[in-house]
Amino acid sequence: MQFKLSEKIMNESRKIFPGGVNSPVRSFGSVGGTPLVFSHGKGKYLFDVDGNKFVDFCSSWGPLILGYSHPEVLKALSKQIKKSITFGAPTELELQLAEKIKSFVPEIDMLRFVNSGTEATMSALRVARAATGRNKFIKFEGCYHGHADAFLIKAGSGLSTFGISSSAGVPKGAVEDTIIVPYNDIAALEEVFAAHGKDIAAIIVEPVAANMGLVAPKNEFLNFLRDITHKHHSVLIFDEVMTGFRLARGGASGFYNVVPDMWIFGKIMGGGLPAAAYGGKESIMKNLAPLGRAYQAGTLSGNPLAMTAGLATLHTIEKLNVYEKLEEKGQILDRLVEKYLATFVEQGRVKYTRVASFFCFFFGVQKIPENYQEVTQADMHLFKKVYHAWLQNGIYLGPSGYEVGFLSYMHTENDLKKCVQVIKKQIKNAR
Ligand SMILES: *Cc1c(COP(=O)(O)O)cnc(C)c1O
């Protein structure tokens, strides 16, 4: 496989974009080599500019649960594009998408659309602070909630990959109210609430942590978050940018049957266009301007193209019974891992974990990690080898060992088998 044209384009790009990219993890910094430059995608396939074809498990980092260029999404978009790309004024599409989202997650009273997950988490925190009149909040080590200043402490894939524990350019004041606690650590949370309970505006959590590899919540962890925030009148925010519309119809809150006070959505809900949302209880959301005094605005918020892509995607998810099909594929992957990797799993050469359509392999660990500290014990050297072997075998995952793999509606048993067999071969070679 040759990557000549990708290399040429990246060499030019490095002169104009820092690191040649518009988002750090795309630079292949943690896996080495030249980033692939893509030209088009169809279904489960991605094609790079050199004409190489890959089965894609990156899903544009999550949104493309239906695969690339889904005909229903394309049809809806081409119809809308003739009407207008933007108005900066209300459209019925916004109402339709909001009602559709509510039909998936009925506990949401009110919501607001924005353009990125970053904007949504930043704004949700502002509203939670306005609603409680408190400043402090709790964030878990290794969880990623976008790149707003207050969240940039030990913040998931991009930052951990690059070994930056905290970003430069963030003033001390911007993070002094951020309290970091290890994921899954109930005792640490009890301590923090005992010391600061009446000052804590919110807990923000990835209900399944999918930006430090894949770390599932332990039994009772999410229930504990629900109880302790109730007790201290703090706001529980589920950042479901990854898990929303993916784990189940009701996202992680539906999957685990724990109802937070606020939700953050992004990725799938924009169907591949820039759209995100935050919402929750009316008593909290009514603090938002123009009803209340917490300000947040957006020129392109609720953009008609993004609303259209989101609507078409959610509509198609319903029509195709996507969650059932994804679970079937997940179980096939479980069986393949058992069949091809069982010995290596036993020996601690690799551990495999899956939650619904997220999957992840950790190399060189004795048990499946339960927090960020344990995630960082994984063998990145072997991961890099596996990563490049995947590429050579026509398999594309997000270029970082701290990323999850995404099963899409389009994957077949053969795709999954290839993915697992590459791992087997690389572990054997590494002996
Ligand atoms: C991707 C992601 C974000 C940030 O969303 P952007 O649209 O990239 O700003 C926030 N939270 C989680 C859990 C994410 O996975």
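Glancing now at the sheet that holds strand β10 (residues 276–280). As summarised here, the arrangement of the seven strands in space is β4-β10-β9-β8-β7-β5-β6, forming an open sheet in which the pairing is mixed. A strand with exactly one partner marks an edge of an open sheet, and here the two such strands are β4 (110–114) and β6 (178–181). Direction aside, neighbouring strands of the sheet carry axes that sit 20 degrees apart on average. Bridge count for strand β7 (residues 200–205) against strand β8 (residues 235–239) is four bridges, and the pairing is parallel. By the bridge assignment, Ile-203 is partnered in β8 with Leu-236.

This brings us to helix α14 (residues 380–392). Every α-helix carries 3.6 residues per turn, so stepping three or four residues along brings you back to the same face. For α14, built from 13 residues, the straight-helix expectation of 18 Å at 1.5 Å per residue is met to within 8% by its first-to-last C-alpha distance of 18 Å. Here α14 has its buried residues at Leu-382, Phe-383, Val-386, Tyr-387, Ala-389, Trp-390 and Leu-391. Each element contacted by the buried residues of α14 is listed here: β3 (53–56), β12 (358–363), β13 (395–396) and α15 (413–429). For α14, the N-terminal cap is Asp-379; the gap from its side-chain oxygen to the backbone nitrogen of His-381 is 3.0 Å. Just downstream of α14, Gly-394 is the residue with a positive phi angle, here 75 degrees.

Assignment of secondary structure puts Tyr-278 in strand β10. For Tyr-278, a relative accessible area of 1% translates into the label buried. Polar contacts involving the side chain of Tyr-278 include one to the side chain of Gln-296, which spans 2.8 Å.

The subject of this paragraph is the site of the ligand. The ligand sits among Ser-116, Gly-117, Thr-118, Tyr-144, His-145, Gly-146, Glu-206, Asn-211, Asp-239, Val-241, Met-242 and Lys-267. Between an oxygen atom of the ligand and a side-chain N or O atom of Thr-118, the distance comes to 2.7 Å. A distance of 3.3 Å separates a nitrogen atom of the ligand from a polar atom in the backbone of Tyr-144. Its free accessible area being 380 Å², the ligand has 83% of it covered by the protein chains. Split into classes, the residues belonging to the shell around the ligand amount to three nonpolar, six polar and three charged.

Definitions and limits used
- Residues numbered from 1 in each chain as written.
- Predicted model: local features only at pLDDT ≥ 70, side-chain atom pairs only at ≥ 80, totals over all residues.
- Heavy atoms only, no water.
- Pairing = 2+ DSSP bridges.
- Helix = DSSP H or I, 4+ residues; strand = E, 2+ residues; numbered from the N terminus.
- Axes fitted to C-alpha atoms, helices over the stretch in contact; angles between N-to-C directions.
- Expected span 1.5 Å × (residues − 1).
- Buried < 20%, exposed > 50% of the residue type's maximum accessible area, 1.4 Å probe, protein only.
- Contact = heavy atoms within 4.5 Å.
- Polar contact = N/O pair within 3.5 Å; in protein donor to acceptor, adjacent residues only side chain to side chain.
- Near = heavy atom within 4 Å.
- Areas by Shrake-Rupley, 256 points an atom, 1.4 Å probe, with all protein chains shown as cover.
- Nonpolar A, V, L, I, M, F, W, Y, C, P; charged D, E, K, R; others polar.

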